[in-house]
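Here are the chains, one letter per residue:
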Amino acid sequence: MKNKKMSALAKGLCPDPLNPQKGLRKKSNGTFELVRSINKRQRSFSSKHPEEVWEKYAVALSVSENEEDDESLAIDQNIKGPLFNDVADKYEEYVRSMKNGTQKSYLPAIQRARARFGESHMKEIEPWQIKDFLKNLGMAKTTVSNQKSVINSIYQFYIDDPIWHGDYNPASMTTIPRGLKQTRRIPPNAAQIQAVKNAANGTPSREDLVPIIYMCTGARRGECCAIQLKNIDWENNIITIERAVEWPNNRPQFTTTKTGAGVRQIPLLKMLKDALSKYRNLPKETFIVGLGKTPVTACAYKRMWSAWWKEKGFARPVARTKNVIRNGKQTTIHTTEWIATVSAHQFRHEYVCMLCEAGVKEEVAIQIIGHSNAKMVHEVYMHLKKSMLTEATKQLNQYLA
């Protein structure tokens, strides 16, 4: 009899591995046969060698188990939907094709959602679980709202997909938890605003132009850095904003504005017009931030902004250390980096306050700052300044009198 080695599974099935003929029926033609029921079907396994009979049986059982697993997975996917991780993969791929700034906001939210729901099937996740997840993030209302939007978008991907064509979105059935921390962004203080005005009253340098541009346009940083002299209508006092700059890996590249409403026309205020007057004869392609032929790099912009505010007394030192190899030895270098205590975006908030104080109609103000709705202006940008409160007091007193 031909000797063959049996696999561990086959040995486990064979009643007596030392006598593999045991449990088999020997047919008249000299072959050995084993009849067993697999998945409610009777199967016959035969061979001239008993070991091969047990091997065939073992293989059939393995295949059957895999088929059961596949069938079970198909049933799970039909009843429970795909895994959250699988849908999140497709959504993340889509997000990575978006603007750099959008990716920075959405990708961390995708990872947080994966950590909580990744191994669950889409239809297993219930609205209360999403609400509980949002409540326990320990983050501010704006971040939590963004997190909910990302989960909602993942489910929308599941619904729109031609293969999954889901019909369930628990994110749309829940709301943002109450009582979350909500902070309004603060505009620059009076001293910081005065520093910009003082620079405008003199003969503004290339560096002075940057804060003046922000205070007089209320535009986002990427939008300001994309404005060229050719975008300015000097006669009609209008600046056209039609694109923005972003800085992946420090190098500037053009992109669209944050929203469709970002493409707009804004007033060219006298302060900015006067500050730019001596640069009007530069080539029309000149960018007003940095006055170069190309947009400034992220590092150059950061150095320029920090240095200007440091000179005005609005920057703080931060100690930095890094290890370098010199002459074959590792050396630690200690440096001091100055960080401005006021950001460019704060002047966007100041601009909204200016529009309000100047009595510009809300529907006009919304279009000037490039937002699609008033809610963002009220909840995020509007800051009740002391001067506003003083004016309100004056108006109320006049009314009562």
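Below you will find a few notes about this structure. (Residues numbered from 1 in each chain as written. Predicted model: local features only at pLDDT ≥ 70, side-chain atom pairs only at ≥ 80, totals over all residues. Heavy atoms only, no water.)

Some words on the environment of Leu272
Rules: Each helix is a run of H or I in the DSSP string that is no shorter than four residues. Each strand is a run of E no shorter than two, and both are numbered from the N terminus. Whether a residue is buried, partly exposed or exposed follows from its accessible area with a 1.4 Å probe, protein chains only, as a fraction of its type maximum: under 20%, in between, or over 50%, in that order. Two residues qualify as a contact provided that any one of their heavy atoms is within 4.5 Å of a heavy atom in the partner residue.
By the element assignment, Leu272 lies in helix H10 (residues 270-276). Residue classification places Leu272 among the buried residues on the basis of a relative accessible area of 0%. As a C-alpha pair, Leu272 and Cys216 span 56 residues in sequence and 6.2 Å in three-dimensional space. Setting aside residues up to four positions removed in sequence, Leu272 forms contacts with Ile212, Ile213, Cys216, Thr217 and Ile239.

Describing the pairing of strand S5 (residues 238-241)
Applied cut-off: Two strands are said to pair when DSSP picks up at least two bridges between them.
Here S5 shows a clear split, with Ile239 and Ile241 buried on one side and none of Ile238 and Thr240 buried on the other. Sheet analysis places strand S4 (residues 232-233) next to S5, joined by 2 bridges and oriented antiparallel. For Asp233, the partnering residue across the bridge sits in S5 and is Ile238. Alignment of S5 against strand S8 (residues 264-267), held across 4 bridges, turns out to be antiparallel. Across the sheet, residue Ile239 finds its bridge partner in S8, namely Ile266.

Here's the deal with the environment of Glu242
Operational definition: N or O atoms closer than or at 3.5 Å make up a polar contact, with two conditions inside protein: a donor-capable atom paired with an acceptor-capable one, and, for residues adjacent in sequence, both atoms drawn from side chains.
By secondary structure assignment, the location of Glu242 is in the loop between S5 and strand S6 (244-246). Using a relative accessible area of 45% as the deciding quantity, one classes Glu242 as partly exposed. Beyond its immediate sequence surroundings of up to four residues, Glu242 is in contact with Asn231, Thr257 and Val263. Reaching out from Glu242, the side chain makes a polar contact with the side chain of Asn231 at a distance of 3.3 Å.

Observations concerning the pattern of salt bridges
It is possible for side chains of opposite charge to pair when their charged atoms get near one another. Formally: By definition here, a salt bridge exists when the distance from a side-chain nitrogen of Lys or Arg to a carboxyl oxygen of Asp or Glu is within 4 Å.
Taken as a whole, this structure holds 15 salt bridges when the rule is applied. Of the charged contacts, one joins Lys123 and Asp167 as a salt bridge, the two residues approaching to 3.4 Å between their closest N and O atoms. One end of the pair, Lys123, is in the loop between helix H4 (100-117) and helix H5 (127-135); the other, Asp167, is in the loop between helix H6 (141-160) and helix H7 (190-201), with 44 residues separating them in the sequence. Judged by relative accessible area, Lys123 falls into the partly exposed class, the value being 30%. For Glu311, the salt bridge identified is with Lys312, shortest N-O distance 3.5 Å. On the accessibility criterion, Glu311 (64% relative accessible area) is exposed. One network of salt bridges, in which partners are shared, links Asp89, Glu92, Arg96 and Arg114.

Brief notes about the sheet that holds strand S1 (residues 25-26)
Taken in spatial order, the 3 strands line up as S1-S2-S3 in an open sheet, and their pairing is antiparallel. The open sheet is flanked by S1 and strand S3 (41-47), the only strands paired with a single partner. Pairing geometry for strand S2 (residues 32-38) and S3, over 7 bridges, is antiparallel. In the strand pairing of S3, Glu33 is matched with Ser46.

Points about helix H11 (residues 298-312)
Operational definition: The span you would expect from a helix comes to 1.5 Å times its residue count less one.
Between its terminal C-alpha atoms H11 stretches 22 Å, which fits the 21 Å expected from 15 residues at 1.5 Å a residue. If you check which residues of H11 are buried, you get Tyr301, Met304, Trp305, Ser306, Trp308 and Trp309. The inward-facing, buried residues of H11 abut H7, helix H8 (206-217), helix H9 (221-224), strand S9 (315-326), strand S10 (329-340) and helix H12 (344-357). Following H11 by one or two positions, Gly313 adopts a phi angle in the positive range, close to 90°.

All quantities given are derived from atomic positions and should not be read as evidence of function.
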